[in-house]
Amino acid sequence: MNSSTRRITLIHTASTSSRTWDRSVQCPSRCIAVPSFNTLRHALRSGVTELGQDVERVILDGQATATQFLDLVASLPEAFSGDVMLVREDGTAYVNAAGRGDGRVMYSLAPRDVNFYLEVHGLLENGRLQVVAPQPQFLQLAAA
C-alpha cells in the first residue's frame with residue numbers, strides 16, 4: 001500500500017441506526033456508507049480486485065440476515081484480508097477475519113466487545129457506541 005492509499009471501511013446501515021459513524025477527516029479509515037446489500041457486494045468486489053483499494057473492513061449494521069452475511073463471507077475476493085462484521089439488533093455481532101495462513105476465522109462478540117472493536121478502530125463519531133441492553137421481559141400471570 002502506498003502512502004496515498006487510504007484504508008476504507010464499507011458500512012451498510014439503516015438511517016434509523018442508533019450508531020453515528022465517524023465520516024470526518026479524523027476517522028483513521030475512510031467510512032463509506034453503502035445503501036444496499038447488493039451495492040455493498042459490488043463495492044467490495046470492484047474496490048478490492050479492480051481498483052486495488054485497501055478495504056480494511058465491512059460492517060453490516062443490522063441490515064443483513066445471517067444467510068447474507070455467510071454468503072458474503074463465502075464469496076470474498078481472494079485479495080481481501082480485512083474483517084467482515086455483522087452487528088445484530090441486540091448489539092451482539094459476528095466477525096469474520098483473516099486467520100493464520102490462508103484461512104479465515106469467525107468470532108462471536110458480546111455488545112461490550114462490539115463497542116470495544118468500534119472504539120479501537122475509531123469508527124464512531126462520538127467515540128462510543130450506545131448499545132441499549134435488552135430489557136428482561138417478565139411474564140405476568142393473571143390471577144385465576
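Residues numbered from 1 in each chain as written. Predicted model: local features only at pLDDT ≥ 70, side-chain atom pairs only at ≥ 80, totals over all residues. Heavy atoms only, no water.

(A) The confidence of the model for the chain, seen in detail. Residues of the chain with pLDDT of at least 70 account for 68%, and the chain-wide mean is 76. Segment residues 128-138 is flagged for pLDDT under 50; beyond a separation of four residues in sequence, or across chains, it makes twelve contacts in the model. (pLDDT = per-residue confidence, 0-100. Contact = heavy atoms within 4.5 Å.)

(B) Main features of the environment of Ser75. Positionally, Ser75 belongs in the loop between α2 (66-74) and β4 (83-87). The spacing of Ser75 and Arg45 is 30 residues in sequence and 9.2 Å in space, taken between C-alpha atoms. (Helix = DSSP H or I, 4+ residues; strand = E, 2+ residues; numbered from the N terminus.)

(C) How the structure looks around the pairing of strand β3 (residues 54-61). Judged by how many residues are buried, β3 sits mostly within the fold: seven of eight residues are covered. Where strand β1 (residues 7-13) lies against β3, seven bridges are found, and the strand directions are parallel. In the strand pairing of β3, Leu10 is matched with Val58. In this view, the connection linking β3 to its parallel neighbour β4 by way of α2 has right-handed handedness. (Buried < 20%, exposed > 50% of the residue type's maximum accessible area, 1.4 Å probe, protein only. Pairing = 2+ DSSP bridges. Right-handed = clockwise from strand over helix to strand, strands pointing away.)

(D) Molecular detail of a nonpolar patch on the surface. A contiguous nonpolar surface patch, about 260 Å² in accessible area, is contributed by Leu70, Tyr94 and Met106. Structurally, Leu70 is set in helix α2. Among the residues examined, Leu70 registers a relative accessible area of 47% and is labelled partly exposed. (Patch = residues over 30% accessible without salt bridge, like charges linked within 9 Å, V, L, I, M, F, W, Y side chains within 5 Å. Areas by Shrake-Rupley, 256 points an atom, 1.4 Å probe, with all protein chains shown as cover. Salt bridge = Lys/Arg side-chain N within 4 Å of Asp/Glu carboxyl O.)

(E) Structural view of the pattern of salt bridges. A complete count under the given rule lists two salt bridges for this structure. Taking the shortest distance from any N to any O, the salt bridge between Arg41 and Asp71 comes out at 2.5 Å. Of this pair, Arg41 sits in helix α1 (residues 37-50) while Asp71 sits in helix α2; the two residues are 30 residues apart in sequence, bridging distant segments of the chain. Residues Glu56 and Arg57 are paired through a salt bridge, measuring 3.3 Å at the closest nitrogen-oxygen approach. Judged by relative accessible area, Glu56 falls into the buried class, the value being 18%.

(F) Seen up close, the sheet that holds strand β5 (residues 93-98). Pairing within the open sheet is mixed, and its six strands lie in the order β2-β1-β3-β4-β5-β6. Each edge of the open sheet carries a strand with a single partner, namely β2 (30-33) and β6 (104-109). Each strand of the sheet is rotated relative to its neighbour by a mean of 15°, with strand direction disregarded. Two elements, β4 and β5, share four bridges in a ladder whose sense is antiparallel. Bridged to Leu86 within β5 is Tyr94. Here α2 sits on the sheet in contact with β3, β4, β5 and β6, set at roughly 180° to β4. (Axes fitted to C-alpha atoms, helices over the stretch in contact; angles between N-to-C directions.)

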